[in-house]
Amino acid sequence: MSILLTRTDARNLLLAVQGLLTPPPAPAAKPDVLAAIRRMGVLQIDTIHVVARSPYLTLFSRLGEYDPTWLDEHLVEGRLFEYWAHAACFLPIEDYPLQRRFMLDGVRGWQDARPWIEAHRELVDGILARIHAEGGLRSADFEAKKPAGGWWNWKDEKVAMEVLFVTGDLMVARRDKFQRVYDLPGRVLPGWEQLPVPSADAARRELVLRSVEKLGAARPGWVADYYRLPKNGMPALLRELAAQGELIECAVEGWDGPAYVHPNNAGLLAQAQNGELRPTYTTLLSPFDPLTWDRARARELFDFDYMIECYTPAHKRRYGYFSLPVLRRGALVARLDAKAHRREGRFEVRSLHFEPGVTLDDELRADVTAAIQRCADWHRTPQVEFLAVSA
């Protein structure tokens, strides 16, 4: 391996690939939403709505001021689809054939999806018949036939629709107040049955290559997580892809074993080696941002030990219910616990905890304050109220 990177080089390469190295170059337009999702590969969905739901916040981190309805419109207009990838995600519609492989195998979300359908055939057929006759429906449009229990207390109809979503027998046509509206694939994606479907091995191979592309310089242990692929045999597959010229093998100071770079990022790799990738951007991140969703990778690259605390009892939380990592010029420097009060136009900063070792100078304070204000302005909650700041 003749290519040697420092950890800073690897970090800056990841930031550049993810669109977080420098500020957005111009005011965002609707096509930029789709371009950002294609750049990330997947946009993770989460419903927690303290500041903004995760997919909207992840886009804000890359685009700055933009209209969140553009994401919804891309879904309705068929440029995006929903499926289990990293987790529940929005994906570019051109990736549907790759994910169709997992639908046919019934291995996303629940390993026993197809047997579950056969065991509940009457329920499933009734749901499909009603959607066929009435059009897209939410699970809320079905009256529960028995008390909720199990499956997060979901009623049987909700479970059935989710399983049919896993197997591709239903797709998400749109969201209504962020609730999925399920419809038949032929109405959401006409011609879906004629699209070529790769083999399981080909799909895995392609998604491994894409994972490396999205990670900048990827360690073998990071690759499977991006699209939630099987970990078995990953180092051998990466070595094989490098030997075939489909990946570039390199070394990073302080790391055991090789890292890999996608040839599409060869230009950025050269810039990283030459010290030409200089992070200048400060912004807030979702806990489910691709930059930070792999907690082990965040520790390795950024010395940032993060745990989401919304599932932790309130009296045991250190940083808040849904703290947001703060990216500042290539470093994760703080965690922000905030709440947007939209009716009042007020952005409440309940706490702002800076990381150990961060030097709180005037320039850093100005960068972080400006990033918080930009997020508050985007929310139409321009009145920022700081309750607590700690180093």
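Residues numbered from 1 in each chain as written. Predicted model: local features only at pLDDT ≥ 70, side-chain atom pairs only at ≥ 80, totals over all residues. Heavy atoms only, no water.

Peer 1: I would appreciate a short explanation of the side chain of Glu 213 in the present structure.
Peer 2: Mapping Glu 213 onto the fold places it in helix 10 (residues 200-215). Within the buried core, Glu 213 has no salt-bridge partner, and the shortest N-O distance to an opposite charge, that of Lys 214, equals 4.0 Å. Here the side chain of Glu 213 touches Asn 264 through a polar contact of 3.1 Å, side chain to side chain. In contact with Glu 213, not counting residues within four places along its chain, are Val 17, His 262, Asn 264 and Asn 265. (Helix = DSSP H or I, 4+ residues; strand = E, 2+ residues; numbered from the N terminus. Buried < 20%, exposed > 50% of the residue type's maximum accessible area, 1.4 Å probe, protein only. Lys, Arg positive; Asp, Glu negative; His and termini not counted. Salt bridge = Lys/Arg side-chain N within 4 Å of Asp/Glu carboxyl O. Polar contact = N/O pair within 3.5 Å; in protein donor to acceptor, adjacent residues only side chain to side chain. Contact = heavy atoms within 4.5 Å.)

Peer 1: Which parts of the structure should I look at to understand the layout of surface pockets?
Peer 2: Rolled over the atoms, a probe sized like a water molecule indicates the empty space that remains. One number sums up the size of the second largest pocket: a volume of about 340 Å³. Residue lining of the second largest pocket: 18 residues in total, with Gly 19, Pro 24, Pro 25, Arg 39 and Arg 62 positioned closest to the centre. Counting only elements with at least two residues in the lining of the second largest pocket, the list comes to helix 1 (7-18), helix 2 (30-40) and helix 3 (54-63). Among the elements that line the lining of the second largest pocket, the one with the most residues is helix 2, at four residues. Each residue belonging to the lining of the second largest pocket can be placed in one class, and the counts come to 13 nonpolar, two polar and three charged. (1 Å grid on protein atoms, 1.4 Å probe; cavity = no way out; pocket = protein on both sides within 12 Å on 5 of 7 lines; lining within 4 Å. Points joined across faces, edges and corners; volume = space filled by probe spheres on them. Nonpolar A, V, L, I, M, F, W, Y, C, P; charged D, E, K, R; others polar.)

Peer 1: Explain the packing of aromatic side chains to me, please; I cannot follow it from the model alone.
Peer 2: Counting across every chain of the model gives twelve aromatic pairs. Between the aromatic rings of Tyr 66 and Trp 70, the centroid separation amounts to 6.5 Å while the plane-to-plane angle is 45°, which identifies the pairing as tilted. Owing to a relative accessible area of 3%, Tyr 66 belongs among the buried residues under this scheme. Three or more aromatic residues link up through ring pairs in this structure, and these residues are Phe 60, Tyr 66, Trp 70 and Trp 378. Arg 180 extends its terminal NZ or CZ atom over the ring of Phe 165, reaching a point 4.3 Å from the ring centre. Stacked on the ring of Tyr 319, the Lys or Arg Arg 335 has its end atom at 4.3 Å from the ring centre. (Phe/Tyr/Trp six-rings, centres within 6.5 Å; stacked < 30°, edge-to-face > 60°. Lys NZ or Arg CZ within 6 Å of the ring centre and 35° of its normal.)

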